[in-house]
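Single-letter residue listing:
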Amino acid sequence: MPRSRNRNFWLDPQAQDPEIHDHVEQIQIVDSHEHLDEERVRLEGPNNLTRFFLYYTFSDVVSAGLPDMPGGTFFNHGMSGEEQWTLIRNYWPLVKHSAFCRAVTLSIRELYDIEDLRDDTILPLLEAIAKKNQPGVTEWILREKCGIECSFINCEDPGDLARRTDHPGLFLPVLGVSAFCSDKMPIDKYQRSTGVSIASLKDWTRMIDWYFERWGGHVVSLKNVCGYWRSLHFENVAESEAGAVFEKWLLRGQSATETERRMLQDFNFHYCIRRAIDYGLPVQIHTGYHSGSNYMDLNLLWLRDLCNLFRDYPSARFVLIHTGYPEGQELIALCKHYRNVFADLSWTWAIDPEAS
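Computed from a prediction, not measured in an experiment: that's the story for all the values here. (Residues numbered from 1 in each chain as written. Predicted model: local features only at pLDDT ≥ 70, side-chain atom pairs only at ≥ 80, totals over all residues. Heavy atoms only, no water.)

A. Expanded view of the side chain of Lys223. Looking at the secondary structure, you find Lys223 in strand β5 (residues 222–224). With a relative accessible area of 3%, Lys223 lands in the buried category. Separated by 2.6 Å, the side chains of Lys223 and His33 make a polar contact. Looking at Lys223, its side chain comes within polar contact range of the side chain of Asn154, at 2.7 Å. Setting aside its immediate chain neighbours within four residues, Lys223 contacts His33, Asn154, Val174, Leu175, Gly176, Val177, Ser178, Gln284 and Ile321. (Helix = DSSP H or I, 4+ residues; strand = E, 2+ residues; numbered from the N terminus. Buried < 20%, exposed > 50% of the residue type's maximum accessible area, 1.4 Å probe, protein only. Polar contact = N/O pair within 3.5 Å; in protein donor to acceptor, adjacent residues only side chain to side chain. Contact = heavy atoms within 4.5 Å.)

Printed below as a string of structure tokens:
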């Protein structure tokens, strides 16, 4: 989201010191969490409203009562911006003051000089987007308008754990290990991707080593987002126990209980933490609020579940991204107590500015 030049947007201007405000405007930002596309993807895509509503803002519209749309109609590649606006126009007034949507309003104001989304502003906005959607638009938005020095970029490719980029220095990759904490760990896919033949747990860890050897010197952190589907408690499972589950579940293809699957997932993450220590990489963990709508389980958000990791690996650096929102007091307590735990405010400002 661009930094605001309009002091009236967030706060009463009387409450701000102009000198402090101007100084803050000059600060370069390290953006530690993004899902941004490569510029070529942006240039090839339609000039519609998708990039303003992708992921988060649209979730607020759904929570406000937007009916289900077959096949994700709003995000269909061929949808024009005018058609998208028709679908959501009655819900925008209900959500426009939420933090997600305020970020959109500020963005269109700072980037395209459009005050708000209305029937009479949609066409001018779309024309402005098309005009700016030219080579160099990524640098213009991120560095010139937002003051972002660099962004940590997630890998969205299921065939790899990190991502090469056309924007070195601006886009910095992270090594995503969430797939090793899921209920689907297809051996064939990893054998094809790495060339490592996997017939035992030892081979499996050699496959994980392959990813660290390939990416360890290029990525800025390890990242695990499995808090979306499972608890954040990871037992330190013995290799012999994990090996038995590995052979039963992944090698022989037999059904495994949730407890057994969790044992292998836990073993994998502990192994990845140890490799992160070897490579001097911080360990980012998604904590707190879930993107999307109508499915979040608050039982998965407890930061206290991570305490055994903080104790077991004092030389690791654990970065709790999104501040565990809404468990901010737990986060503060953990950062105050553990020297290897760090708070990361990414996304929190767009969920709840006051809490951030």
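B. A look at the nonpolar core. Membership of the largest hydrophobic core comes to 53 residues, with the highest contact counts inside it found for Phe180 and Trp204. Only α10 (187–194), α11 (201–215), α12 (239–251), α13 (258–279), β6 (283–286), α14 (307–312), β7 (318–321) and α15 (328–337) provide two or more residues apiece to this core. With residues up to four places along the chain from it excluded, the contact list for Trp204 reads Phe180, Met185, Ile187, Tyr190, Ile198, Phe246, Leu250 and Asn268. Grouped together as the second largest cluster of nonpolar side chains are 35 residues, Leu49, Leu125, Trp140 and Ile153 included. (Core = buried A, V, L, I, M, F, W, Y, C linked by side-chain atoms within 4.5 Å.)

C. A look at the packing of α10 against α11. Two elements in contact, α10 and α11, have axes separated by 11 Å at closest approach and are oriented at 45°. As summarised for this structure, α10 and α11 are arranged oblique, according to the angle between their axes. As α10 packs across α11, the resulting crossing turns out to be left-handed. Every residue of α11 that contacts α10 at Ile187, Tyr190, Ser193 and Thr194 is listed here: Trp204, Met207, Trp210 and Tyr211. Residue classes in the contact of α10 with α11 are distributed as six nonpolar, two polar and no charged. (Axes fitted to C-alpha atoms, helices over the stretch in contact; angles between N-to-C directions. Parallel < 35°, antiparallel > 145°, perpendicular 65-115°, else oblique. Left-handed = near helix turned anticlockwise from the far one by under 90°. Nonpolar A, V, L, I, M, F, W, Y, C, P; charged D, E, K, R; others polar.)

D. Representation of the side chain of Glu260 in the model. Relative to the elements of secondary structure, Glu260 occurs in helix α13. Among the polar contacts listed, one links the side chain of Glu260 to the side chain of Lys248, at a separation of 3.1 Å. Filtering out sequence-adjacent residues up to four positions away, Glu260 remains in contact with Val245, Lys248 and Ser255.

E. The arrangement of the pattern of salt bridges in detail. Counted according to the given criterion, the structure contains 18 salt bridges. Here Arg304 ties to Glu330 by a salt bridge, and the two come within 2.4 Å at their closest N and O atoms. With Arg304 in the loop between β6 and α14 and Glu330 in helix α15, this pair connects stretches of sequence that are 26 residues apart. On the basis of relative accessible area, Arg304 is assigned to the partly exposed category, the value being 49%. Look at the salt bridges and you will find they share partners, linking Asp209, Arg275 and Asp278 into a network. (Salt bridge = Lys/Arg side-chain N within 4 Å of Asp/Glu carboxyl O.)

F. Just the packing of aromatic side chains, in detail. The tally for this structure, following the rule as stated, stands at 24 aromatic pairs. Ring geometry for Tyr190 against Tyr211: centres 6.4 Å apart, planes inclined by 90°, an arrangement best described as edge-to-face. One end of the pair, Tyr190, is in helix α10; the other, Tyr211, is in helix α11, with 21 residues separating them in the sequence. We note that Tyr190, like Tyr211, is buried. Consider the rings of Phe267 and Tyr271, whose centres lie 6.4 Å apart with planes at 25°: the pair is stacked. You can see Phe267 and its partner Tyr271 sitting in helix α13, four residues apart, about one turn around the helix. (Phe/Tyr/Trp six-rings, centres within 6.5 Å; stacked < 30°, edge-to-face > 60°.)

G. Representation of the pairing of strand β8 (residues 341–344) in the model. Bridge count between β7 and β8: four bridges; the pairing is parallel. In the strand pairing of β8, Leu320 is matched with Ala343. With α15 bridging β7 and its parallel neighbour β8, the resulting β-α-β unit is right-handed. (Pairing = 2+ DSSP bridges. Right-handed = clockwise from strand over helix to strand, strands pointing away.)

Read these as spatial facts, not as claims about activity.
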